[in-house]
Each structure stands twice: as C-alpha cells, then as structure tokens.
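Summary of structural features
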Amino acid sequence: MKVAIVGATGMVGKMMLKVLEERQFPVDTLLAAASERSEGREVIFRGKPVKVISIMEAVEAKPDLALFSAGAAVSREWAPAFAENGTVVIDNSSAWRMDENVPLVVPEINAGTIKATSRIIANPNCSTIQMLMALS
C-alpha cells in the first residue's frame, strides 16, 4: 500500500510514523510530505531514511491512503486534491469535522458510517475520542 503522511515532520506526523511501524501496517511505499521548509529533510521509517517531499509531489504520486496532521488550512487546501486522485484521506484536523458530507469517525464506534465512496474521513480531537470510547 502506498501511504502519504502529510505533516510528517511534525510531532503528530512522527507519532503516526511510529504507530504505522509498531502496528506493522502494510506500507509498501511511504510518502513523507511536509511544508516547503521541510522538503529535502529526512524522517526515519522502519529504520531507514525517507526523504521529505512536497505535498504536491505526494498528490501526484497517487497514494492509496493519506494521513493528514498538518492543520486545518492545509487539510482544506490539499485533502480535496488527494481525494480527486482516488486517495482516501484521514484528516486529524478540525477542517472537515462539521462538514455534513464527510463522515466523522471513531473506528471502534462508528466505522460503519464510512461509505465505499468516502474519500475524506474526519476524526474528532484526541480528548473527544477518549471520552467517546469510554461512553461507548
């Protein structure tokens, strides 16, 4: 599976990389994307360096999945571009949480709200997810 991490050099992006590694998620190709100031840097994934590319390069690579942790403005601008290319976007920002056309999902609770045609999926913030898990 080709996976893009948008915001790969940030704190949450680095944690996403770590979790993908720990969970042995089936990543064949990792696209580490970030802002212009981070392009060319490297992140480590599965013990190997991965060069950070622009978000546009990641869109053009047509990943199967894009995990966003780069803030609402970046998500509003770039998530639709990935989605138009057939990529499933999981957004960690507030950008899509109130959009009636975008499922707001906590997988353990309401993953069934995701349709085969869903290309952008939002998730609640971290404290809300914890509370919902406890209530569920």
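Higher on the page you've got the structure.
Presented here is a report on the structure given in the accompanying data block. Please read all numbers here as calculations on a predicted model, not as lab measurements. Sequence order sets the numbering: in each chain, residues are counted from 1 along the sequence as written. In keeping with the model being predicted, local features are shown solely for residues with a pLDDT of at least 70 and side-chain atom pairs are shown and tallied solely at 80 or more, while totals for entire chains, interfaces and linings include all residues. The basis for every side-chain value is the complete set of non-hydrogen atoms in the structure, without hydrogens or water.

With that settled, consider the packing of aromatic side chains. Two aromatic rings, drawn from Phe, Tyr or Trp (for Trp, its six-membered ring), form a pair once their centres lie within 6.5 Å of each other, and the interplanar angle then sorts them: stacked below 30 degrees, edge-to-face above 60, tilted otherwise. Enumeration according to the criterion identifies one aromatic pair in this entry. Judged by centre distance (5.5 Å) and plane angle (85 degrees), the rings of Phe-68 and Phe-82 are edge-to-face. Placement of Phe-68 in strand E5 (residues 65–68) and of Phe-82 in helix H3 (residues 72–84) is noted, with a sequence separation of 14 residues between them. Phe-82 carries the same exposure label as Phe-68, and that label is buried. What counts as a helix is a DSSP run of H or I of at least four residues, what counts as a strand is a run of E of at least two, and both are numbered from the N terminus. Throughout this description, buried means an accessible area under 20% of the type-specific maximum (1.4 Å probe, protein chains only), exposed means over 50%, and partly exposed covers the range between.

As a further point, take a negative patch on the surface. Taken together, the side chains of Glu-36, Glu-39, Glu-57 and Glu-60 present a region of like negative charge at the surface. In this structure, Glu-60 sits in helix H2 (residues 55–60). The patches described consist of residues with a relative accessible area above 30% and no salt bridge, like charges being joined within 9 Å and nonpolar side chains (Val, Leu, Ile, Met, Phe, Trp, Tyr) within 5 Å. Only the protein chains shown count as cover for residues, with accessible areas throughout obtained via the Shrake-Rupley method and a probe of 1.4 Å. Definition used for salt bridges: Asp or Glu carboxyl oxygen within 4 Å of a side-chain nitrogen of Lys or Arg. Only four residue types enter the tally: Lys and Arg on the positive side, Asp and Glu on the negative side, with His and both chain ends excluded. To locate a charge, take atom NZ for lysine, CZ for arginine, CG for aspartate or CD for glutamate.

So, about the pairing of strand E6 (residues 88–91). Taking every second residue as pointing to the same face, the buried face of E6 carries Val-89 and Asp-91, while none of Val-88 and Ile-90 on the other face is buried. Bridge count for E5 against E6 is four bridges, and the pairing is parallel. Bridge pairing in E6 links Phe-68 to Asp-91. With three bridges joining them, E6 and strand E7 (residues 120–122) adopt parallel strand pairing. Among the inter-strand pairings, Val-89 is bridged to a residue of E7, identified as Ile-120. Here the rule is simple: two strands pair whenever DSSP picks up at least two bridges between them.

The next point concerns the pattern of salt bridges. Summed over the entire model, instances satisfying the criterion amount to one salt bridge. Between Glu-22 and Lys-18 there is a salt bridge, with its nearest N and O atoms 4.0 Å apart. Of this pair, Glu-22 and Lys-18 both sit in helix H1 (residues 11–22), separated by four residues, roughly a single helical turn. Accessibility expressed as a relative area gives 54% for Glu-22, which makes it exposed.

Below, the discussion takes up the pairing of strand E2 (residues 29–33). For E2, the tally of buried residues reaches four of five residues, placing the bulk of the element in the interior. Sheet topology note: the strand E1 (residues 2–6)/E2 ladder contains five bridges and is parallel. Within the sheet, the bridge partner assigned to Val-3 lies in E2 and is Leu-30. Read as a crossover between parallel neighbours, the route from E1 over H1 to E2 is right-handed. Across two bridges, E2 lies against strand E4 (residues 48–53) in parallel orientation. Looking at the pairing, Ala-32 lines up with Val-52 of E4. With the strands aimed away from the viewer, a crossover counts as right-handed if its path from the first strand over the helix to the second runs clockwise.

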